[in-house]
Every structure is written in C-alpha cells, then in structure tokens.
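Next come the chains, spelled out residue by residue.
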Amino acid sequence: MQVSLHLSQTLSYVLKECALLSTCMPVVSLGQQARGSRKPANCSLRFVLQHVSAEEKALQAKWVELAHDQALKSEAAGGIPIGSVLVHQPTRKVIAAGHNQRMQKNSNILHGEMDCFENAGRTYEGGPIPWRETVCITTLSPCLMCTGAILMYGIPAVIIAEHDNYLSPGEELLASKGVKVTVVNNHKCIQTMSSWIKEHPQLWHEDVAGNVNGARV
C-alpha cells in the first residue's frame, strides 16, 4: 500500500513538472547536424517535444514561404537572400515583411529581421504594435543583433526556416530567455542561401559569417 501511494505521488509530481515545462520552456526543433559543423545543431539546448497540429504546420509553411519570397526579392535587387515576416499570432495577420538591405542601402543594420521591424513602424491597427503577441519568421538563423531586437521587443516566438548555412549563437540565447524557437529546415531556403554563398563568398564573409563565434567554420 505504501509503495503504491509513493508511486502515485511520484507520478503526480512528474505530470505537474511536465505541464510546467510545456508552458514555460522554449520549444526547439531537433536540428540535423550541420554540414561542416563540429557539433550537432543546437546541441547545448534543452529540447522539449511539441505536438504541432496540421493546421499550425500549414500556417508555418505559409509564413516561411512569404519570408522566402522576401529573400528572393532581395536577391533580385542585388542583395543577400534573407527575408523575414512579422505575424500577429491571435489574428494570424501579417504585420510587416522585409529583407536584407545591406547591399541595396549600403547598410550595416538592415538585416532581414531588422528591415521587417523597421517596416512594421510604431503602430498597428490604431494602437502600438503588440510585440508580445507576435511571431517572427526568418529564413536564416538570426544573428546577435537581430536576436537583441527580438528580445528587446519581447517577441515570444521565432520560426527559423533553416540554420544549415549559418547557425547563430542567437538561437541558444533566445531559448535561454524563454523564447519559443522552432527550426523547420526548409529545403528551398537552404538551397537559395547555399547557392548565393557559393557565388558571393566575399560578400557573405563581410558580415556575420566573418564572425567565427557565429559562423559554421
């Protein structure tokens, strides 16, 4: 009887802990090992399994496609093919979209996410932007600068299309601060970025890729 009671109490405790983890721990996809990396992707992160509904997966795919469209828009204008979209989660409406403008505007600041946030402006539907109700979608792992902006505005979730071409330390930082990080390993985004890097290695290494701590070397 005492053993049975003990097991019951233990099971109850474990269930409570699991429920707590599901609400407060960052959720990160199990990324594949990076090509040329010295360690598996996200190896230092604590993983929590997540059930994603078919509807949610379809929405994520749609948002990633919009971000990829932005990346292609940047490439067509002579820029780096990285795009981003900001979505209001409760309504599923796109607040803003943007793409890397380093080449087009000779800017050190306008990465894909930063351009998206800039395009969002200060207000949304008559009030301040509800940053804490948004999700940021980006075609590539966000650098530390973009990570800082995500944290500053309190964006609670980030969907990363791929980190095969560049794995930023920002991913681990976001997760450690309670941001829900999801990596979907989108093959179109991987191919677009990989092809561009091969064609423009010098331009790629001018920015985040030149930082040994943030690039896959």
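Residues numbered from 1 in each chain as written. Predicted model: local features only at pLDDT ≥ 70, side-chain atom pairs only at ≥ 80, totals over all residues. Heavy atoms only, no water.

## A short note on the nonpolar core
Quick reminder of the rule: Side-chain atoms within 4.5 Å link the members of a nonpolar core, which is a set of buried Ala, Val, Leu, Ile, Met, Phe, Trp, Tyr and Cys residues. Accessibility here uses a 1.4 Å probe with only protein chains present; expressed as a share of the type maximum, an area under 20% marks a residue as buried, one over 50% as exposed, and anything in between as partly exposed. Only DSSP runs of H or I reaching four residues or more are called helices, and only runs of E reaching two or more are called strands; each is numbered from the N terminus. By the convention used here, residues are in contact when the closest approach between their heavy atoms is within 4.5 Å.
In terms of nonpolar packing, the biggest core is built from 32 residues, with Leu-86, Phe-117, Met-193 and Trp-204 touching the most fellow members. If you list the elements that add at least two residues to this core, you get strand E2 (93–99), helix H3 (112–120), helix H4 (144–152), strand E6 (157–160), strand E7 (180–183) and helix H6 (187–199). Considering every element that reaches this core, the biggest residue donor is H3, with four residues. Aside from chain neighbours lying at most four places away, what touches Trp-204 is Leu-140, Asn-165, Tyr-166, Met-193, Trp-196, Ile-197 and Ala-209. Counting residues in each nonpolar core, the second largest holds 12 residues, with Val-64, Ala-67, Val-87 and Val-135 among its members.

## So, H4
Rules: This arc describes the spread of directions from the helix axis toward the C-beta atoms.
Residues of H4 that are buried: Cys-146, Thr-147, Ala-149 and Ile-150. Mapping the buried residues of H4 onto a view down its axis gives an arc of 160°, with all of them on the same face. In the core, the buried residues of H4 are packed alongside H3, E6 and helix H5 (170–176). Gly-154 lies just past H4 and shows a positive phi near 70°.

## Notes on the packing of aromatic side chains
Aromatic rings considered in pairs are described by the distance between their centres and by the relative angle of their planes. Condition: Stacked, tilted and edge-to-face pairs are distinguished by plane angle, under 30 degrees for stacked and over 60 for edge-to-face with tilted covering the rest, among Phe, Tyr and Trp rings (Trp via its six-membered ring) whose centres lie within 6.5 Å.
This structure, assessed with the given rule, holds three aromatic pairs. For the ring pair Phe-117 and Trp-131, a centre distance of 5.7 Å and an interplane angle of 90° mean the geometry is edge-to-face. Within this pair, whereas Phe-117 is found in helix H3, its partner Trp-131 is found in the loop between strand E4 (127–128) and strand E5 (134–138), the two being separated by 14 residues in sequence. You'll find Phe-117 and Trp-131 in the same group, each marked buried. Relative to Trp-204, the ring of Tyr-166 has its centre 6.1 Å away and its plane inclined at 90°; by these criteria the two rings are edge-to-face. A residue pair is termed long-range when its members are at least 10 positions apart, and Tyr-166 in the loop between E6 and H5 and Trp-204 in helix H7 (residues 201–204) qualify at 38 residues. A relative accessible area of 7% places Trp-204 in the buried class. The rings of Phe-117, Trp-131 and Tyr-153 are connected pair by pair, giving a single aromatic cluster.

## Describing unusual backbone geometry
Not every positive phi belongs to a glycine, and Arg-92 is a case in point at roughly 65°. Within the element layout of this structure, Arg-92 appears in the loop between strand E1 (83–88) and E2. Residue class for Arg-92 comes out partly exposed when judged on its relative accessible area of 34%. In this structure, Glu-125 is a non-glycine residue whose phi angle is positive, near 50°. Inspection of the secondary structure assignment puts Glu-125 in the loop between strand E3 (123–124) and E4. Overall, Glu-125 belongs to the exposed group, its relative accessible area being 62%.

## Here we look at the side chain of Glu-171
For the record, the criterion: Polar contact criterion, stated in full: a pair of N or O atoms within 3.5 Å, where within protein one must be able to donate a hydrogen and the other to accept it, and residues adjacent in sequence count only if both atoms are side-chain atoms.
Looking at where Glu-171 falls in the secondary structure, it is placed in helix H5. Of the residues examined, Glu-171 reaches a relative accessible area of 0% and is grouped as buried. Engagement of the side chain of Glu-171 in a polar contact is seen with the side chain of His-163, the distance being 2.9 Å.

## Notes on the pattern of salt bridges
It is possible for side chains of opposite charge to pair when their charged atoms get near one another. What counts is decided by this rule: By definition here, a salt bridge exists when the distance from a side-chain nitrogen of Lys or Arg to a carboxyl oxygen of Asp or Glu is within 4 Å.
Evaluation of the coordinates by the stated rule reveals five salt bridges. Of the charged contacts, one joins Glu-125 and Lys-93 as a salt bridge, the two residues approaching to 3.4 Å between their closest N and O atoms. Of the two residues, Glu-125 is situated in the loop between E3 and E4 and Lys-93 in strand E2; the sequence distance between them amounts to 32 residues. Classification of Lys-93 by relative accessible area gives partly exposed; the value is 43%. Between Arg-102 and Asp-207 there is a salt bridge whose closest N-O contact spans 3.6 Å. Residue Arg-102 is found in the loop between E2 and H3, and its partner Asp-207 is found in the segment after H7; the two are separated by 105 residues along the sequence. Residue classification places Arg-102 among the buried residues on the basis of a relative accessible area of 7%. Each of Arg-102, Glu-206 and Asp-207 takes part in one network of salt bridges that share partners.

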